[in-house]
Amino acid sequence: MAWTNYQLFLAGLMLTTGSINTLSAKWADMFSAKGCGENAEVHNFSHPFVQAVGMFLGEFCCLAVFHLLLCQDKRKPIPQMNPGQSFNPLIFFPPAMCDMTATSIMYVALNMTSASSFQMLRGAVIIFTGLLSVAFLGRKLLVSQWVGIFITILGLIIVGLADFISGTRDDTHKLSDVITGDLLIIMAQVIAAVQMVLEEKFVYKHDVHPLKAVGTEGLFGFFVLSFLLIPMYFIPVGGFSDNPRQVLEDALDAFCQIGNKPLILLALLGNTVSIAFFNFAGISVTKEISATTRMVLDSLRTLVIWVVSLALGWETFHGLQVLGFIVLLVGTALYNGLHRPIMARIPCCAALAGGEEQSSGDERERLLNGDVAEQS
């Protein structure tokens, strides 16, 4: 069935804003400007926690979008939007704290490695999500999902090897920074997986609208991290930080750099606005087209980020990254069941594909009915 113009628009919006999200964050990291004071020296804009606050502000905006759509729907003769059940907003606090921690770590890592490797290594989240869902949700993974996990591990090893080789040849990032950045990204994916498991266990069973869920987590993340910027201003971390005072985060220095070079603000706004539209587009693609399409577009986002980074000269081409990207793509596709439509068209594999689809459907129904939460 051919896509409608609206579906094409949503797919393009998701691909574009998702790519802008990572590229704008990396663009901000590449600026240099004077900090606070007349005698301040020019230095790199290295403020990952300030960037994370901006990202949560974008997620927070999804809550406003939800209420606008709800008000618009109520004006219709027959409302069609499901606002979901009433719930205690504090159920979002634990996953929001996981999101805050993982996002902050990833922005620190983005200072140390390339945008393409950053995006590729984020694919590690399916490994930890799968393992944690087995351990804490009582889920039984399909054979194809286990194969997808092992292939993803292989892809991560290849991407890590490509980064190691590039770190010995390029002057853009030190080899020690590249290795540390890659490890931080992997660590962040463990926390992100905990977030997803918490959301599935405590949030999804309450029939919460996705935009409201994203917006509420953004609300908690924005205010908590904004408050934490105060003690971060006084916590010394030595050479781990690139700001002049060598503290965990110097928000005042960030604002001074933005004032001295307004283009930094443009990059930060690009990150904030793009994450809001990306969440809206992703949810809409799932609703209007399919979750499979969303996964395909998310994989294409990695390719777009890589190509744009090469075109802008932010990184150099490495053949191993091509192989790593392909292997990661295969692993993600297997884990998310993208192979089933292809298998269904092959006579000898149709029955196997149907069996996997049935097992996957039964598991989703069991989760929605809350059976998993009671068993674990």
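Scroll up to find the structure.
This structure is a prediction, so every number in the text was calculated from the model and none was measured.

Observations concerning the overall build of the protein
Inference 1: Across its full length, the protein holds 15 helices and two strands.
Inference 2: By residue count, 49% of the 376 residues in the protein fall in the buried class.
Inference 3: On the protein, roughly 18400 Å² of surface is accessible, and the fraction owed to carbon and sulfur atoms is 68%.

Some remarks on the layout of surface pockets
Inference 1: When its volume is computed, the second largest pocket comes out at roughly 670 Å³.
Inference 2: Taken together, 25 residues form the lining of the second largest pocket, with Asn44, Asn111, Met112, Asp177 and Asp242 sitting closest to its centre.
Inference 3: For the lining of the second largest pocket, the elements supplying multiple residues, two or more each, are α1 (5–29), α2 (48–74) and α7 (175–203).

Quick look at the packing of aromatic side chains
The geometry of two aromatic rings is summed up by the distance between their centres and the angle between their planes.
Inference 1: In the structure shown here, the tally under the stated rule is eight aromatic pairs.
Inference 2: An angle of 65 degrees between the planes, with centres 6.1 Å apart, marks the rings of Phe60 and Phe223 as edge-to-face. Taken together, the residues Phe60 in helix α2 and Phe223 in helix α8 (residues 210–232) connect sequence positions 163 residues apart.
Inference 3: Overall, the relative accessible area of 24% leaves Phe60 in the partly exposed class.
Inference 4: Ring geometry for Phe222 and Phe223: centres 5.2 Å apart, planes at 80 degrees, overall edge-to-face.
Inference 5: One aromatic cluster is present, formed by Phe60, Phe222 and Phe223 through successive ring pairs.
Inference 6: The lysine or arginine in question, Arg245, covers the ring of Tyr233, its NZ or CZ lying 4.0 Å from the ring centre.

Quick notes on the side chain of Ser116
Inference 1: Residue placement: Ser116 occurs in helix α4 (residues 115–121).
Inference 2: Judged by its relative accessible area of 0%, Ser116 falls in the buried class.
Inference 3: Those residues in contact with Ser116 that sit more than four places away from it in its chain are Ile305, Trp306, Glu315 and Gln321.

Considerations on the nonpolar core
The nonpolar side chains of soluble globular proteins are, as a tendency, buried together.
Inference 1: Of all hydrophobic cores here, the largest spans 72 residues; its most connected members are Phe45, Leu225 and Ile264.
Inference 2: Here this core takes eleven residues from helix α3 (residues 93–110), the largest share from any one element.
Inference 3: In contact with Ile264, not counting residues within four places along its chain, are Phe31, Ala33, Phe45, Gln257 and Ile258.
Inference 4: Core analysis: the next-biggest nonpolar cluster, separate from the first, contains seven residues, Cys62, Phe66, Leu70 and Met81 among them.

Thoughts on the pattern of salt bridges
Inference 1: Counted according to the given criterion, the structure contains two salt bridges.
Inference 2: For Asp73, the salt bridge is made with Lys76, and the minimal N-O distance between the two is 4.0 Å.
Inference 3: Since its relative accessible area comes to 7%, Asp73 is described here as buried.
Inference 4: The exposure class of Lys76 is partly exposed, given its relative accessible area of 40%.

So, the state of the cysteines
Inference 1: This model, assessed by the stated rule, comprises one disulfide.
Inference 2: Residue pairing for Cys36: its cysteine sulfur links by disulfide to Cys256, the two sulfurs lying 1.9 Å apart. Judged by the torsion about the S-S bond (95 degrees), the Cys36/Cys256 disulfide is right-handed. With Cys36 in the loop between β1 (32–34) and β2 (42–44) and Cys256 in helix α9 (residues 251–260), this pair connects stretches of sequence that are 220 residues apart.
Inference 3: Residue class for Cys36 comes out partly exposed when judged on its relative accessible area of 38%.
Inference 4: Owing to a relative accessible area of 24%, Cys256 belongs among the partly exposed residues under this scheme.
Inference 5: Here Cys61 stays free of any disulfide, with the sulfur of Cys62 as its closest cysteine sulfur at 7.2 Å.

A look at the environment of Ile264
Inference 1: Considering the arrangement of structural elements, one finds Ile264 in helix α10 (residues 263–288).
Inference 2: Take Ile264: its relative accessible area is 0%, and that puts it in the buried class.
Inference 3: Sequence separation between Ile264 and Asp29 is 235 residues; the distance between their C-alpha atoms is 8.7 Å.

Description of unusual backbone geometry
Inference 1: Even without being a glycine, Gln246 presents a positive backbone phi close to 55 degrees.
Inference 2: With respect to the element layout, Gln246 can be found in the loop between α8 and α9.

So, a nonpolar patch on the surface
Inference 1: Together, Leu131, Val134, Trp146, Phe150, Ile153 and Ile157 line one region of the surface with nonpolar side chains, adding up to about 530 Å² of accessible area.
Inference 2: When contributions to the nonpolar patch are tallied by element, the ones reaching two or more residues are α5 (125–136) and α6 (143–169).
Inference 3: The dominant element in the nonpolar patch, judged by the number of residues it contributes, is α6, at four residues.
Inference 4: With respect to the helices and strands, Ile157 occurs in helix α6.
Inference 5: With a relative accessible area of 55%, Ile157 lands in the exposed category.

Side note on the packing of α5 against helix α12 (residues 319–335)
Inference 1: It is at 11 Å that the axes of α5 and α12 come closest, and there the two elements cross at 30 degrees. Classified by the interaxial angle, the pair formed by α5 and α12 is roughly parallel. Here α5 and α12 pass one another in a crossing that is left-handed. Contacts from Ile126, Thr129 and Gly130 in α5 reach Gly331, Thr332 and Tyr335 in α12.
Inference 2: Taken together, the residues of the contact of α5 with α12 sort by class into two nonpolar, four polar and no charged.

Cut-off values and rules
Residues numbered from 1 in each chain as written. Predicted model: local features only at pLDDT ≥ 70, side-chain atom pairs only at ≥ 80, totals over all residues. Heavy atoms only, no water. Helix = DSSP H or I, 4+ residues; strand = E, 2+ residues; numbered from the N terminus. Buried < 20%, exposed > 50% of the residue type's maximum accessible area, 1.4 Å probe, protein only. Areas by Shrake-Rupley, 256 points an atom, 1.4 Å probe, with all protein chains shown as cover. 1 Å grid on protein atoms, 1.4 Å probe; cavity = no way out; pocket = protein on both sides within 12 Å on 5 of 7 lines; lining within 4 Å. Points joined across faces, edges and corners; volume = space filled by probe spheres on them. Phe/Tyr/Trp six-rings, centres within 6.5 Å; stacked < 30°, edge-to-face > 60°. Lys NZ or Arg CZ within 6 Å of the ring centre and 35° of its normal. Contact = heavy atoms within 4.5 Å. Core = buried A, V, L, I, M, F, W, Y, C linked by side-chain atoms within 4.5 Å. Salt bridge = Lys/Arg side-chain N within 4 Å of Asp/Glu carboxyl O. Disulfide = S-S within 2.5 Å. Patch = residues over 30% accessible without salt bridge, like charges linked within 9 Å, V, L, I, M, F, W, Y side chains within 5 Å. Axes fitted to C-alpha atoms, helices over the stretch in contact; angles between N-to-C directions. Parallel < 35°, antiparallel > 145°, perpendicular 65-115°, else oblique. Left-handed = near helix turned anticlockwise from the far one by under 90°. Nonpolar A, V, L, I, M, F, W, Y, C, P; charged D, E, K, R; others polar.

In short, the description is geometric, and any link to function would need to be established separately.
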